[in-house]
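# Architecture at a glance
One-letter residues, chain by chain:
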Amino acid sequence: MIQTQAPINNLYIGIMSGTSVDAIDIVAIRIEDNHFSFVGGVNFEFPNHLRTKILEITRQEKAQDSKIIAQLDSELGCEYANAVNQLLRTYKIKKEKVTAIGLHGQTIAHDPNAAIPRSVQIGDAKLVAQKTGIICVADFRSADINAGGQGAPLAPVFHSWLFRIPNKNRAVINIGGISNISILDENPLRGHDLGPGNILLDSWIQNHEKKKYDDKGLWARQGNTNQNLLDIFLEDDFFSIAPPKSTGSDYFNFNWIKSNLNIFKQNIEPQDVQSTLIELTARIISDYLETLTSISEAAICGGGSENEYLVERIIKLYKGKIYGTDDWGLKSEWVEASGFAYLAYLRLKNQNLDLSGVTGSTKKVRLGEIHNP
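Throughout, residues of each chain are indexed from 1 in the direction in which the sequence is written. pLDDT decides what is reported in this predicted model: residues at 70 or higher carry local features, side-chain atom pairs at 80 or more are listed and counted, and totals for whole chains, interfaces and linings draw on all residues regardless. Side-chain figures throughout are based on the complete set of non-hydrogen atoms in the structure, without hydrogens or water.

### Things to note about the overall build of the protein
What counts is decided by this rule: Strands are runs of DSSP state E lasting at least 2 residues, helices are runs of H or I lasting at least 4, and numbering of each runs from the N terminus. Computation of the radius of gyration draws on C-alpha atoms alone. For the globule rule, the value is 2.2 Å times the number of residues to the power 0.38. The buried label applies to any residue whose accessible area, calculated with a 1.4 Å probe on protein chains only, is under 20% of its type's maximum; exposed applies above 50%, and partly exposed to all values in between. The contact criterion used is simple: two residues touch if any of their non-hydrogen atoms lie within 4.5 Å. Exposure was quantified through the Shrake-Rupley algorithm and a 1.4 Å probe, taking into account, for residues, occlusion by the shown protein chains and nothing else.
Helix and strand counts for the protein come out as 13 helices and 14 strands. The C-alpha atoms of the protein give a radius of gyration of 20 Å, which matches the 21 Å a tight globule of 373 residues would have. Structurally, the protein occupies a C-alpha span of about 60 × 50 × 40 Å along its principal axes. Here the protein, with 373 residues, has 57% of them falling under the buried criterion. Within the protein, residue pairs in contact and separated by at least 24 positions form 71% of the contacts whose partners lie at least 6 positions apart. Carbon together with sulfur atoms contributes 46% to the accessible area of the protein, which is approximately 15,900 Å² in total.

So, in structure tokens, the structure goes:
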């Protein structure tokens, strides 16, 4: 994909806060059909009280009370709007120059295989539109679920547009709270969730070291992988399900770790569990990459790309070539948020997408609901 200076009226903002609930990532990008240019990005930390509440309901530590969710929806909408306005000030962008905001929202439940399938994101998009004065496109997953799809992952749409190149078969691994893959070869677009990315690592260190995340994987380095425990982890049914498939923090969470440790029934040091969880994420990624014999190179993006120990283990286990998306033209920390800016661009073009090879949807879908200021 060519990165170039596009006309100012092709400016889009993307907002992403993932299952790790570590930060709000927000970017401004310029888009034309065959051109892309990155304007700027900012990371915002969640206020501690808001992060705590989100973690409680997303990890099912408390029942999902409708009144609490409604309150969080408004609070988070205000935070998103504040983040947009701060981005505009930082990069001296006039709101009138922004075509639209693409808002993923904060996932609090994802169960596309339930009797009544659902994927629920909070962060009031109407409020964001009102407080910023900019069109806000949100609720990207519902249309796909209504068409029989998983509603996730959606990142492959953007990965294909930005990173697909002629005569070279590629894969993109996004390691957020959940890991997913985009397969960019001669076939129609394919991709799916692979399983836990940072979600288990974050949950374990938060409970044992009271830290938000394992910086660069340093705590995991102090431990040793326990092969017996790893084998128990890998026996989870999710890993044997054929794609399309997706998952979330309401499945992979601290309780998932505890239930597997109950099966393990041995004393184990906390850092050894962390090391084993690193190996789990590295294995599910490298093992799947090894099945893609047509792929000549892969790139990693997302918050997990900052975990140096995790990346080292993936490189060690996978026989192919591993890059960062930085090497392919976009810093890994901005890929997800940029993807939702791109989805807003597609929605305003009223483009129908064939996601059958990604989510399993049975017909083309138009992703996102438009909210005017």
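### Regarding the packing of helix α8 (residues 227-234) against helix α11 (residues 270-291)
Helix packing geometry: the angle between the two helix axes and the distance between the axes. This is how the line gets drawn: Axis lines are fitted through C-alpha atoms, for helices just across the contact stretch, and the angle between N-to-C directions can take any value from 0 to 180 degrees. Roughly parallel refers to an angle under 35 degrees, roughly antiparallel to one over 145, roughly perpendicular to one between 65 and 115, and oblique to any angle outside these ranges. A crossing counts as left-handed when the near helix is turned anticlockwise from the far one by less than a right angle, and as right-handed when that turn is clockwise. Gly is placed with the polar residues, together with every amino acid not listed as nonpolar (Ala, Val, Leu, Ile, Met, Phe, Trp, Tyr, Cys and Pro) or charged (Asp, Glu, Lys and Arg).
Where α8 contacts α11, the axes come no closer than 10 Å and their chain directions differ by 50 degrees. As summarised for this structure, α8 and α11 are arranged oblique, according to the angle between their axes. Both α8 and α11 take part in a crossing whose hand is right-handed. The segment α8 lies against α11, with L229, L230, F233 and L234 engaging V273, T276, L277, E279, L280, R283 and I284. Of the residues contributing to the contact of α8 with α11, the split by class is eight nonpolar, one polar and two charged.

### Some points on the sheet that holds strand β12 (residues 297-301)
The line we're drawing: A pair of strands counts as paired when DSSP detects no fewer than two bridges linking them.
With mixed pairing, the five strands of this open sheet are ordered in space as β11-β10-β9-β12-β13. Every interior strand has two partners, whereas the edge strands, β11 (190-196) and β13 (321-324), have only one. Within this sheet the neighbouring strands show an average axis-to-axis angle of 25 degrees, counted without direction. Here strand β9 (residues 170-175) runs beside β12; their pairing, made up of five bridges, is parallel. Bridged to R170 within β12 is E297.

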